[in-house]
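Close look at the chain arrangement
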Amino acid sequence: MVNSMTTVILKPHKEESLLRFHPWVFSGAIARVVLDAKHKGDAPEEGELVCVQSSTSNVLGVGYWQVGSIAVRILAFGEDSLPADFWHSRIRAAYKVRESLGLVRKDNNTFRLVHGEGDNLPGLIVDIYADTAVVQAHSVGMHVCRKEIADAILAEVPQVQNIYYKSDDTLPFKAPIEGDKIGYLISDYQFPAPLGEGQEGTDEFWSIENGLSFRIDWLRGQKTGFFIDQRENRALVERYAHGKDVLNMFCYTGGFSLYALRGGAKTVDSVDVSQKAIDLVNINVAKNFPKAKNHTAVAADAFEYLSAQKSAGKTYDLIILDPPAFAKHRDAVKNALRGYQRINAKAIEMIRPGGILFTFSCSQAVDKEAFRLAVFSAAAQVGRSVRILHQLHQPQDHPINIYHPEGEYLKGLVLYVE
Ligand code: SAH
């Protein structure tokens, strides 16, 4: 068959994993590549759509070419070109899942719409904040298709009117990228007004998670602007917060703090090293609890803050530790585990007998067992006995593809501290 598209032909028997819907073609499985007629170079371009065939010319699917050990990531199995309604039908399917999970409600318009492989869209993340979608490409293949993706989101997700593209930190570092890595794809929302910089913009924006309003700064904030992945775990903090003195360490814009306040916490201290994050915590607390006098927000380093508070004799009933990924790569795991042990030891020391620790790791490279061991070692180190009350993970709008277990990254423990 003559295909107008570049064709990747596999070695004999290498089609089997694709027939089982495994989404990757490894470079070692490829026998040869037949470039399309228009091609100038001698290899496919990074991000180019290619058709994958077996050694006996069976069409296996269409995907995009990558440089590296994963040569092709499949978008559509059994197709020899991308179906015309591909982006619309995938985005529609992802939205339907969120609707059926009960995440699209008047009191909840904050959710992850697309979680990469978990939504059969390898390399793509889309987070929804009220009327705004923030799109993040982790591959050149997704970058190339960003305009089609934006059109599909606009058409398929009724609440969305603005689409911001934010891939400056996520696209492969060495890849040749055409076009902007950041900027609005749809509309040009003057939001949010930069804090304290006196520039033009609007502050009339709130995204709602479980009835709580959050100012989300996708332009200057971390990742897509907010950590939607802690939604269910924040709701659990709300259940335990009543009457307690709570410390939300690594609070970012105060997600756990707002739930603790709504749960009737006696006091809540929010701590983050970023002053911008602390400014947003104060804005979020003022919006949701304008009369609250039991919340303080401090910009400080976690280790320094905990040491200083301990010296001052301070203790808490409930501490949340949600640090950034300590290990971004496999070779950093050992150091990361030491870091988790250190910070957990410092926190456990400050918990009153009968108190509770919520402790998390979002390092994909650190597995559940290793993290648990680090936390238990921390408890042993400071001579406290702990029990596991809950084992936590990422929520339902961050699904895991069974062939891509790497999509699982967030883990947490809730411990009862004797
Ligand atoms: N719990 C938050 C997300 C935390 S992200 C939520 O629910 O939204 C991790 C946060 O740790 C970031 O806001 C980052 O600014 C902060 N951070 C990084 N290093 C830190 C340090 N050494 N001390 C205190 N905060 C730190």
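Residues numbered from 1 in each chain as written. Predicted model: local features only at pLDDT ≥ 70, side-chain atom pairs only at ≥ 80, totals over all residues. Heavy atoms only, no water.

Focus on the domain arrangement of the protein chain
- Looking at the assigned domains, one finds that the protein chain contains domain 1 (7-77), domain 2 (86-186) and domain 3 (227-417).
- Taking only C-alpha atoms, the centre of domain 1 and the centre of domain 3 are 43 Å apart. (Domains from an automatic or database assignment.)

Quick word on the nonpolar core
- Of all hydrophobic cores here, the largest spans 37 residues; its most connected members are Tyr 129, Trp 218, Ile 320 and Phe 358.
- Listed by contribution, the elements that provide at least two residues to this core are β13 (212-214), α5 (231-240), α6 (255-262), α7 (275-288), β17 (316-321) and β18 (351-361).
- Per-element tally for this core: the top contributor is α6, with 5 residues.
- Formed jointly, this core draws a minimum of three residues from each of two domains, domain 2 (86-186) and domain 3 (227-417).
- Counting residues in each nonpolar core, the second largest holds 35 residues, with Met 5, Ala 94, Tyr 95 and Ile 149 among its members. (Core = buried A, V, L, I, M, F, W, Y, C linked by side-chain atoms within 4.5 Å. Buried < 20%, exposed > 50% of the residue type's maximum accessible area, 1.4 Å probe, protein only. Helix = DSSP H or I, 4+ residues; strand = E, 2+ residues; numbered from the N terminus.)

Section: the environment of Lys 266
- Residue position: Lys 266 is located in the loop between α6 and β15 (267-272).
- Given the relative accessible area of 53%, Lys 266 is considered exposed.
- Considering only alpha carbons, one finds Lys 266 and Leu 413, 147 residues apart in sequence, at a separation of 23 Å.
- Sequence-distant contacts of Lys 266, defined by excluding residues within four places in its chain, comprise Gly 243, Lys 244, Asp 245 and Asn 294. (Contact = heavy atoms within 4.5 Å.)

Thoughts on the packing of aromatic side chains
- Under the definition given, this model contains 13 aromatic pairs.
- Relative to Phe 111, the ring of Tyr 95 lies with its centre 6.5 Å away and its plane at 40°, an arrangement referred to as tilted. Linking Tyr 95 in helix α2 (residues 86-100) with Phe 111 in strand β7 (residues 110-115), this pair joins segments that are 16 residues apart in sequence. Here the two residues Tyr 95 and Phe 111 agree in accessibility, since each one is buried.
- An aromatic cluster of at least three residues, connected via ring pairs, comprises Tyr 129, Phe 214 and Phe 226.
- A cation over an aromatic ring shows up here: Arg 239 above the ring of Tyr 240, its NZ or CZ 5.8 Å from the ring centre.
- Sitting over the ring of Phe 303, Arg 342 keeps its end group 4.2 Å from the ring centre. (Phe/Tyr/Trp six-rings, centres within 6.5 Å; stacked < 30°, edge-to-face > 60°. Lys NZ or Arg CZ within 6 Å of the ring centre and 35° of its normal.)

Observations regarding the pairing of strand β9 (residues 132-137)
- Burial analysis of β9 places 6 of its 6 residues in the buried class, the great majority of the element.
- Neither face of β9 is exposed, since Thr 132, Val 134 and Gln 136 on one face and Ala 133, Val 135 and Ala 137 on the opposite face are all buried.
- In this structure, strand β8 (residues 124-129) lies alongside β9, joined through 6 bridges in antiparallel fashion. The residue of β9 that forms the bridge with Leu 124 is Ala 137.
- Joining the antiparallel neighbours β8 and β9 is a turn of 2 residues, in which Ala 130 adopts a positive phi near 50°.
- Here 4 bridges tie β9 to strand β10 (residues 162-166), and the two strands are oriented parallel to one another. Within the sheet, the bridge partner assigned to Val 135 lies in β10 and is Tyr 165. (Pairing = 2+ DSSP bridges.)

Here's the deal with the pattern of salt bridges
- Within the structure shown, the criterion is met by 16 salt bridges.
- Linking Glu 156 and Arg 92 is a salt bridge whose minimum nitrogen-to-oxygen distance equals 3.0 Å. Here Glu 156, found in helix α4 (residues 146-156), pairs with Arg 92, found in helix α2; they are 64 residues apart in sequence, far enough to count as distant.
- A relative accessible area of 16% places Glu 156 in the buried class. (Salt bridge = Lys/Arg side-chain N within 4 Å of Asp/Glu carboxyl O.)

So, α6
- Of all the 8 residues making up α6, 7 are buried; the element is thus mostly covered by neighbouring parts of the structure.
- Every buried residue of α6 is listed here: Gly 255, Phe 256, Ser 257, Leu 258, Tyr 259, Ala 260 and Leu 261.

Focus on the site of the ligand
- Close to the ligand lie 15 residues; Arg 234, Asp 272, Asp 301, Ala 302 and Asp 322 are nearest.
- A distance of 2.7 Å separates a nitrogen atom of the ligand from a polar atom in the side chain of Asp 322.
- Coverage of the ligand by the protein chains reaches 89% of its 590 Å² of free accessible surface.
- Split into classes, the residues belonging to the shell around the ligand amount to 9 nonpolar, 2 polar and 4 charged. (Near = heavy atom within 4 Å. Polar contact = N/O pair within 3.5 Å; in protein donor to acceptor, adjacent residues only side chain to side chain. Areas by Shrake-Rupley, 256 points an atom, 1.4 Å probe, with all protein chains shown as cover. Nonpolar A, V, L, I, M, F, W, Y, C, P; charged D, E, K, R; others polar.)

Considerations on the sheet that holds strand β11 (residues 182-186)
- Taken in spatial order, the 5 strands of this open sheet run β7-β8-β9-β10-β11, and their pairing is mixed. Edge positions in the sheet fall to β7 and β11, since each has one partner strand and no second. The sheet shows a mean angle of 20° between the axes of neighbouring strands, taken without regard to direction. (Axes fitted to C-alpha atoms, helices over the stretch in contact; angles between N-to-C directions.)

Focus on unusual backbone geometry
- Its identity as a non-glycine residue notwithstanding, Lys 223 has a phi of 50°, on the positive side.
- Given the relative accessible area of 56%, Lys 223 is considered exposed.

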